[in-house]
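Fold and contact review
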Amino acid sequence: MLKVTKLTKRFGGLTALENVSFKVAKNEILGVIGPNGSGKTTLINVINGIHKPDNGDIFFRDKSIGRLSSYQIAKKGIGRTFQVTRIFRRMSVMENMMVPALSISRSGNQEALLHKSLGILTLLKIVHLKDEYGRSLSGGQHKLLELGRVLMLDPDLILLDEPFAGVHPELKADLHDHIRKLHGQGKTFILISHDMHSIFSLSQRLMVLSSGKKIAHGTPEEIKQNEEVIEAYLGN
Amino acid sequence: MTEYLLLQALNGLIIGLIYALMALGLTLIFSVLKIVNFAHGELYMLGAYFSYYLAKLFGFPPVLAVLSSMIIVFFIGVVIEVLFLRPVYTGAVERKDEYAILITFGLSIFLQNLALFVFGPWTRRSPSFMSGTTSVYSLSISNDRLFVSALAVVFMIATLVIIGRTFMGKGLRAVSQDREAAAIAGINPFKMNLLAFGAGSALAAAGGALIGPIFLIFPTMGAMPVIKSFVIIVLGGMGSIKGCIIASLILGEAESLGSVLFPDLTRGLAYKNAIGLLFLVVVLLVKPTGLFGEKHVRMK
Ligand SMILES: Nc1ncnc2c1ncn2[C@@H]1O[C@H](COP(=O)(O)OP(=O)(O)OP(=O)(O)O)[C@@H](O)[C@H]1O
Ligand SMILES: [Mg+2]
């Protein structure tokens, strides 16, 4: 579904990603781990067009998306959340959900979109907050709202950047359920997390980044055994 | 004296509404593009001239002339955005704030001189919307002024409804709050720029076209109102729509009443333009973010 080839991204003199290649199959959950500053967020930023790659390319359903803008990539069916949530603070929860409506309104009337957003909010158990302002929600609720907003676009591939960071344990279990359920519906995920328990239990395959380089990939079991990974990351 | 004051208050309200149209346009542009449009006064001026010529030369009924003028200026705004401001968002220029200031400032001077060249230095006055006067108790006020106020309110409400209720409005607000997050949600930020600049320009044009039958039309007519609009958006708290409308009305009233309540009546009028600035200084001393400002907004 997604193919990344020899991706390189530099910020001035700093190489945040170097020659990273990998594939994600349809309906797979790929976990990405690595120490702080290893380039995980940058990888997502390049995939969804916030940054342009300096080298290499990205193919989504066999079409190159490396040069497209974020909104075009979003419309093609790649959604994402942010490590530090970015909801629209001066809009209500419902309005936040309806922002994507402008780009999808052709595929449904207002009623249908309203219905859809209520359905998603109900699924995420935040429908009671629908008239609250974005800024008055808690951190965990921001994460749920951001996921909800992503789902409005019906993406096939969802990139989650640290969805469990700073989230209440109960909510974390809920998030696990949501991811599993969406995965059951056929969605594909790239999941970034420092939460080892979560990422090892959710992911089918793992990729390890260190200083912008891919140092290992494999099943969770294989990664646990990998000497280099243990040294670079798990060891400390 | 009371009658006179009431009349002045009413005039202040009308001026305030015109200011509000203009400042609303400036706010819309500022919120979405994070650019202060120094050519805003010239869009106001163009709005007045187009409306004047459409009515005078082509016999458009006044209201139709105003609307057509807004549409023309909308597209002028779109062209300006594509030609001059797009580079800010494609990363083609490095010092974005400085570039935007210089380019819109240059555009302002260019348009003033172009108007001088094309339309001439003479002052003009648009045909009236509605002749006669209306008397309420002992106050009499020209129908033109009433009509202008009503139209200004209609344009303002239309703008608020579009921004508050429609999908497009949500797109504009989303881009104004977080460009990248809006793009992730599938909103084309370039399209929103175009829309905001076009609509902002059209609002300035509406102000100019409406003022046409009441005040005079001349190439530099936008110079003073644009400064007022800057005062208003800072006073209202950069980017706040509610703040912008309230600040406009306050400024209109403060100027109108301030100049007649001034102790030395012979000089009151001369101080009119200073009153708004004085008020701004006082507000900023007490609340640096303006009346309804949240925090500092800056282009990334
Ligand atoms: N926009 C940017 N401009 C300059 N440098 C950046 C930018 N974004 C990331 N970097 C740098 O690139 C490197 C990789 O950062 P990145 O955020 O991708 O790491 P990460 O793996 O997500 O880390 P964390 O686990 O802390 O989230 C870091 O050294 C970071 O400082
Ligand atoms: Mg990160």
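Residues numbered from 1 in each chain as written. Chains lettered and ligands numbered in written order. Predicted model: local features only at pLDDT ≥ 70, side-chain atom pairs only at ≥ 80, totals over all residues. Heavy atoms only, no water.

The next point concerns the confidence of the model for chain B. The predicted model of chain B averages 90 in pLDDT, with 97% of residues at 70 or higher. What the predictor reports for the complex is a pTM of 0.91 with an ipTM of 0.90. (pLDDT = per-residue confidence, 0-100.)

Attention shifts here to the interface of chain B and chain A. Taken together, the contact pairs 23 residues of chain B with 27 residues of chain A. For the pair chain B and chain A, the summed buried area comes to about 2,200 Å², and 64% of that belongs to carbon and sulfur atoms. As a salt-bridge pair, Arg86 of chain A and Asp178 of chain B come within 2.8 Å of each other at their nearest N and O atoms. Counting across the chain B and chain A interface gives six residue pairs in polar contact (both at pLDDT 80 or more). Those elements that provide at least two residues to the side of chain B that touches chain A are helix H6 (167-177), helix H7 (179-184) and helix H8 (189-211) of chain B. For the side of chain B that touches chain A, the element with the most residues is H6 of chain B, which contributes seven residues. (Contact = heavy atoms within 4.5 Å. Buried area = accessible area lost by both parts, 1.4 Å probe. Salt bridge = Lys/Arg side-chain N within 4 Å of Asp/Glu carboxyl O. Polar contact = N/O pair within 3.5 Å; in protein donor to acceptor, adjacent residues only side chain to side chain. Helix = DSSP H or I, 4+ residues; strand = E, 2+ residues; numbered from the N terminus.)

Turning to helix H6 (residues 139-152) of chain A, a few remarks are in order. All names here are of chain A. Taking 1.5 Å as the rise per residue, H6 with 14 residues should run 20 Å; its terminal C-alpha atoms sit 20 Å apart, in good agreement. Among the 14 residues of H6, 12 are classified as buried, and the element is accordingly described as predominantly covered. Taken together, the buried positions of H6 are occupied by Gly140, His142, Lys143, Leu144, Leu145, Glu146, Leu147, Gly148, Arg149, Val150, Leu151 and Met152. Just downstream of H6, Asp154 is the residue with a positive phi angle, here 50 degrees. (Expected span 1.5 Å × (residues − 1). Buried < 20%, exposed > 50% of the residue type's maximum accessible area, 1.4 Å probe, protein only.)

Further remarks concern the site of ligand 1. Residue and element names in this part refer to chain A. Around ligand 1 there are 14 residues in total, and Gly37, Lys40, Thr41, Thr42 and Gln83 lie nearest to it. Take His194: an N or O atom from its side chain is 2.8 Å from an oxygen atom of ligand 1. Relative to its free-state accessible area of 630 Å², ligand 1 is covered by the protein chains to the extent of 64%. Looking at the shell around ligand 1, the elements with two or more residues in it are strand E2 (14-24) and helix H1 (40-47). The greatest single-element share of the shell around ligand 1, amounting to three residues, is contributed by H1. Looking at side-chain class alone, the shell around ligand 1 contains four nonpolar, nine polar and one charged residues. (Near = heavy atom within 4 Å. Areas by Shrake-Rupley, 256 points an atom, 1.4 Å probe, with all protein chains shown as cover. Nonpolar A, V, L, I, M, F, W, Y, C, P; charged D, E, K, R; others polar.)

So, about the nonpolar core. Ranked by internal contacts, the top residues of the largest apolar core, which has 83 residues, are Leu21, Leu33, Phe155 and Leu210 of chain B. Among the elements that line this core, the one with the most residues is helix H1 (residues 2-33) of chain B, at 14 residues. (Core = buried A, V, L, I, M, F, W, Y, C linked by side-chain atoms within 4.5 Å.)

Our focus in this paragraph is the coordination of the magnesium ion (ligand 2). Four donors placed tetrahedrally about a metal ideally form angles of 109.5 degrees, and six donors placed octahedrally ideally form angles of 90 or 180 degrees. Residues and elements named next belong to chain A. Protein-derived coordination of the magnesium ion (ligand 2) comes from Thr41 (OG1) and Gln83 (OE1), at a distance range of 1.9 to 2.2 Å. In this pair, Thr41 is assigned in helix H1 and Gln83 in the loop between strand E6 (78-80) and helix H3 (93-98), connecting sequence segments 42 residues apart. In this structure Thr41 comes out as partly exposed when scored by relative accessible area, which is 25%. Using a relative accessible area of 38% as the deciding quantity, one classes Gln83 as partly exposed. (Donors = N, O, S within 2.8 Å, 3.2 Å for Na, K, Ca; no water.)

Here the focus is the pattern of salt bridges. Under the definition given, this model contains 13 salt bridges over all chains. Two residues, Asp131 of chain A and Lys130 of chain A, come together in a salt bridge whose shortest N-O distance is 3.5 Å. Judged by relative accessible area, which is 58%, Asp131 of chain A ranks as exposed. A salt bridge links Lys172 of chain A to Asp195 of chain A, with the nearest nitrogen and oxygen atoms 2.6 Å apart. Here Asp195 of chain A lies in the loop between strand E8 (188-192) and helix H8 (196-202) and Lys172 of chain A lies in helix H7 (residues 169-184), a separation of 23 residues in the sequence. By relative accessible area, which is 25% here, Lys172 of chain A ends up partly exposed. In this structure Asp195 of chain A comes out as buried when scored by relative accessible area, which is 17%. Connected through salt bridges with shared partners, the residues Arg86 of chain A together with Asp178 and Glu180 of chain B form a single ionic network.

Our next topic: the sheet that holds E6 of chain A. Residue and element names in this part refer to chain A. Spatial ordering of the open sheet is given by E6-E7-E8-E3-E9-E10, a layout of six strands whose pairing is mixed. Each having just a single partner strand, E6 and strand E10 (213-218) make up the two edges of the open sheet. Averaged over neighbouring strand pairs, the angle between their axes works out to 20 degrees when direction is ignored. On top of the sheet, H6 reaches E6 and strand E7 (157-161); it is set at about 160 degrees to E7, its chief contact. (Pairing = 2+ DSSP bridges. Axes fitted to C-alpha atoms, helices over the stretch in contact; angles between N-to-C directions.)

Attention now moves to the packing of aromatic side chains. Residue and element names in this part refer to chain B. Applying the stated criterion across every chain, the model contains eight aromatic pairs over all chains. Their ring planes at 65 degrees and their centres at 5.2 Å tell us that Phe38 and Phe230 sit as a pair that is edge-to-face. Of this pair, Phe38 sits in the loop between H1 and helix H2 (40-58) while Phe230 sits in helix H9 (residues 223-236), placing them 192 residues apart in sequence. Here Phe230 falls in the buried class, since its relative accessible area comes to 18%. A ring pair is formed by Tyr49 and Tyr53, whose centres lie 6.3 Å apart and whose planes are at 15 degrees; its orientation type is stacked. Of this pair, Tyr49 and Tyr53 both sit in helix H2, four residues apart, which is roughly one turn of that helix. (Phe/Tyr/Trp six-rings, centres within 6.5 Å; stacked < 30°, edge-to-face > 60°.)

To continue, consider a nonpolar patch on the surface. On the surface, Phe110, Leu114, Phe117 and Val118 of chain B cluster together into a nonpolar patch covering about 450 Å² of accessible area. Take Phe110 of chain B: it is sitting in helix H4 (residues 96-119). (Patch = residues over 30% accessible without salt bridge, like charges linked within 9 Å, V, L, I, M, F, W, Y side chains within 5 Å.)

Residues and elements named next belong to chain B. What you see with strand E2 (residues 139-142) is a clean split: Leu139 and Ile141 sit on the buried side and Ser140 and Ser142 on the side with no burial. In this sheet, E2 lies alongside strand E1 (residues 133-136) in antiparallel orientation, the contact comprising four bridges. In the strand pairing of E2, Thr133 is matched with Ser142. Linking two consecutive strands that pair antiparallel, namely E1 and E2, is a turn of two residues; a positive phi of about 50 degrees is found at Tyr137 within it.

Residue and element names in this part refer to chain B. Given a rise of 1.5 Å per residue, 14 residues ought to cover 20 Å, and the 20 Å separating the end C-alpha atoms of H9 matches this to within 8%. Burial analysis of H9 places 10 of its 14 residues in the buried class, the great majority of the element. Taken together, the buried residues of H9 touch H1, H2, helix H10 (241-261) and helix H12 (272-286). With its phi angle positive at about 95 degrees, Gly237 sits one or two positions after the end of H9.

Bringing the sheet that holds E2 of chain A into the picture now. Residues and elements named next belong to chain A. If you trace the four strands from one edge of the open sheet to the other, you get E2-E1-E4-E5, paired in antiparallel fashion. With one partner strand each, in any of the chains shown, E2 and strand E5 (63-64) form the two edges of the open sheet. Pairing of strand E4 (residues 55-60) with E5 involves two bridges; the strand directions are antiparallel. Bridging from a neighbouring strand, Phe60 pairs with Lys63 of E5.

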